Amino acid sequence: MNVSTPTLAADYARDGYVFPLDIVSAEEAAEIRADLEKAEDEVRADKQHLRLLRGYPARLLPSFDRLVRHPNMIAAATAILGPDVILWGSGLFIKEANTPSFVSWHQDLTYWGLDQADEITLWVALSPAPSESGCMRFVPGSHRADIVPHADSFADDNLLTRGQEIAVEVDEASAVDAALQTGQASLHHGHLFHASGPNRTNDRRIGAAIRYIVPSMKASSGPETEVALIAGEDRYNNFRIVPPPKSRLDPADMAAVAVDAERRDSVLYAGAKAARG
Ligand SMILES: O=C(O)CCC(=O)C(=O)O
């Protein structure tokens, strides 16, 4: 589906998601993936740098900075959020080939410390994401719920920070598989009930979760949270706007995101009885 499809905003308002959206060609996505995998090899010896690379690809790799500012990404984000858009974060959800990694049912905005729900995720497939790879599953219309109670599991194979899981009943029978081809994206609301299962294919399943917000949102961690202005203007100064990466895996950028990650972790783990790592 083209990002300029006239029903995009209405479909999103009804279901809480839209997919599949054509963002980049399969060849362009393969180039971004190759750049990522080269960077993974370059930093693999340092666990912290590998974690930061996967948590901040748009701050560390110019290829991802271009992706988050791609005209198709901006068209989809502005169709939902309006003309002023901030990139709140980018992160990679990687499931290695034939592994049990999964994501439990959750609502994204539960632990992010943001004061409103004007947030969307564009999840871009950098590899094929069919049902067998553990693509995301969405419960239509569940975004209309407020944040429901979640319980932490810290389960080993759960890719979420706290292994958090919705603690009320989820109507799994009505869930739809958001299967994507390489270069396509799904778009979902921060209150949508969603999850994903294990990857039973012979390829890695690599998704770039790109989170956009409106500038009027506020973070409980205060104005130091580092974000990027993607479209329009920021008239609020609720966040610290930072420029694109200085260079590929730039040491100063790596040091800056390490500080930002500590700040965000303190919000993500607030009230938790344990932490990963
Ligand atoms: O990649 C996945 O399977 C889950 C991603 C997710 O929960 C999200 O992007 O909000």
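Residue indices begin from 1 for each chain and proceed along its sequence in written order. In view of the model being predicted, local features appear only for residues whose pLDDT reaches at least 70, and side-chain atom pairs are presented and counted only at 80 or more, with totals across whole chains, interfaces and linings using the full set of residues. Each side-chain value is derived from all of the structure's non-hydrogen atoms; neither hydrogens nor water enter the calculation.

Colleague: Would you take a moment to explain the nonpolar core for this structure?
Modeller: Nonpolar side chains tend to gather and get buried jointly when the protein is soluble and globular. In these notes, a set of buried Ala, Val, Leu, Ile, Met, Phe, Trp, Tyr and Cys residues joined through side-chain atoms within 4.5 Å is what counts as a nonpolar core. Burial here depends on accessible area, computed with a 1.4 Å probe over protein chains only, as a share of the maximum for the residue type. Under 20% is buried, over 50% is exposed, and the range in between is partly exposed. Core analysis: the biggest nonpolar cluster contains 60 residues, and L21, F64, L114 and Y212 have the highest contact counts within it. A run of H or I in DSSP counts as a helix once it spans at least four residues, and a run of E counts as a strand once it spans at least two, with each numbered from the N terminus. No other element matches the six residues that strand β2 (residues 85-95) contributes to this core. W123, A125, M136 and L192 belong to the second largest nonpolar core, which has 13 residues in total.

Colleague: Is there a simple way to explain the side chain of H143 in this structure?
Modeller: By the secondary structure assignment, H143 is in the loop between β5 (136-138) and β6 (150-151). A relative accessible area of 9% places H143 in the buried class. By the criterion applied in these results, polar contacts are pairs of N or O atoms within 3.5 Å in which, for protein atoms, one can donate a hydrogen and the other can accept it, and in which residues neighboring in sequence qualify only through two side-chain atoms. Within the local environment of H143, its side chain forms a polar contact with the backbone nitrogen of G16, the two atoms lying 3.5 Å apart.

Colleague: It is not clear to me how the sheet that holds β5 should be interpreted in this structure. Could you clarify?
Modeller: Neighbouring strands of a sheet are bound in pairs by backbone hydrogen bonds; such pairs are parallel or else antiparallel. At least two bridges found by DSSP between two strands is the condition for calling them paired. With antiparallel pairing, the four strands of this open sheet are ordered in space as β3-β10-β5-β8. If you trace the sheet from one side to the other, it starts and ends with β3 (103-106) and β8 (176-177), each paired once. The pairing of β5 with strand β10 (residues 194-196) spans three bridges and is antiparallel. For R137, the partnering residue across the bridge sits in β10 and is A195.

Colleague: Please clarify how the side chain of R204 should be interpreted in this entry.
Modeller: Here R204 is to be found in the loop between β10 and β11 (205-213). Assessed through its relative accessible area of 13%, R204 is described here as buried.

Colleague: Would you mind going over the site of the ligand with me for this structure?
Modeller: Taken together, 13 residues lie around the ligand, and D108, W123, S196, R205 and R211 are the ones closest in. For the ligand, an oxygen atom lies 2.6 Å from a polar atom in the side chain of S196. Side-chain polar atom of R211 to an oxygen atom of the ligand: 3.0 Å apart, as the coordinates give it. Residue burial considers only the protein chains on display, and all accessible areas are found by Shrake-Rupley using a 1.4 Å probe. In the complex, 100% of the free accessible area of the ligand, which totals 300 Å², lies under the protein chains. Elements represented by at least two residues in the shell around the ligand include exactly β2, β3, β10 and β11. The greatest single-element share of the shell around the ligand, amounting to three residues, is contributed by β11. Per-class residue counts for the shell around the ligand are five nonpolar, four polar and four charged. Whether a residue is near a molecule or strand is decided by its heavy atoms; if any one of them lies within 4 Å of it, the residue is near. Following the grouping adopted for this structure description, the nonpolar residues are Ala, Val, Leu, Ile, Met, Phe, Trp, Tyr, Cys and Pro, the charged ones are Asp, Glu, Lys and Arg, and the polar ones are all others, Gly among them.

Colleague: I would appreciate a short explanation of the pairing of strand β9 (residues 184-189) in the present structure.
Modeller: Two faces make up the sheet, and in a regular strand the side chains alternate between them. Summarising burial for β9: six of the six residues are buried, a large majority. Residues of β9 alternate between two faces, with Q184, S186 and H188 on one and A185, L187 and H189 on the opposite face, all of them buried. Relative to β9, strand β1 (residues 17-22) is paired through four bridges, and the arrangement is antiparallel. Looking at β9, one finds that Y17 is bridged to H188. Pairing analysis gives five bridges linking strand β4 (residues 119-125) to β9, with the strands arranged antiparallel. Bridging from a neighbouring strand, T121 pairs with H188 of β9.

Colleague: Just checking my understanding: could you explain the environment of G207 for this structure?
Modeller: You can see G207 is positioned in strand β11. Once the C-alpha coordinates of G207 and V124 are considered, the two residues, 83 residues apart in sequence, prove to be 5.5 Å apart. In what follows, residue pairs with any heavy atoms lying within 4.5 Å of each other are defined as contacts. Residues within four places of G207 in sequence aside, it is in contact with G91, L92, F93, W123 and V124.

Colleague: Would you explain the pairing of β4 in this entry?
Modeller: The buried fraction of β4 is high, at seven of seven residues. Of the two faces of β4, the one lined by E119, T121, W123 and A125 and the one lined by I120, L122 and V124 are each fully buried.

Geometric descriptors of this kind do not, in isolation, establish any biological role.
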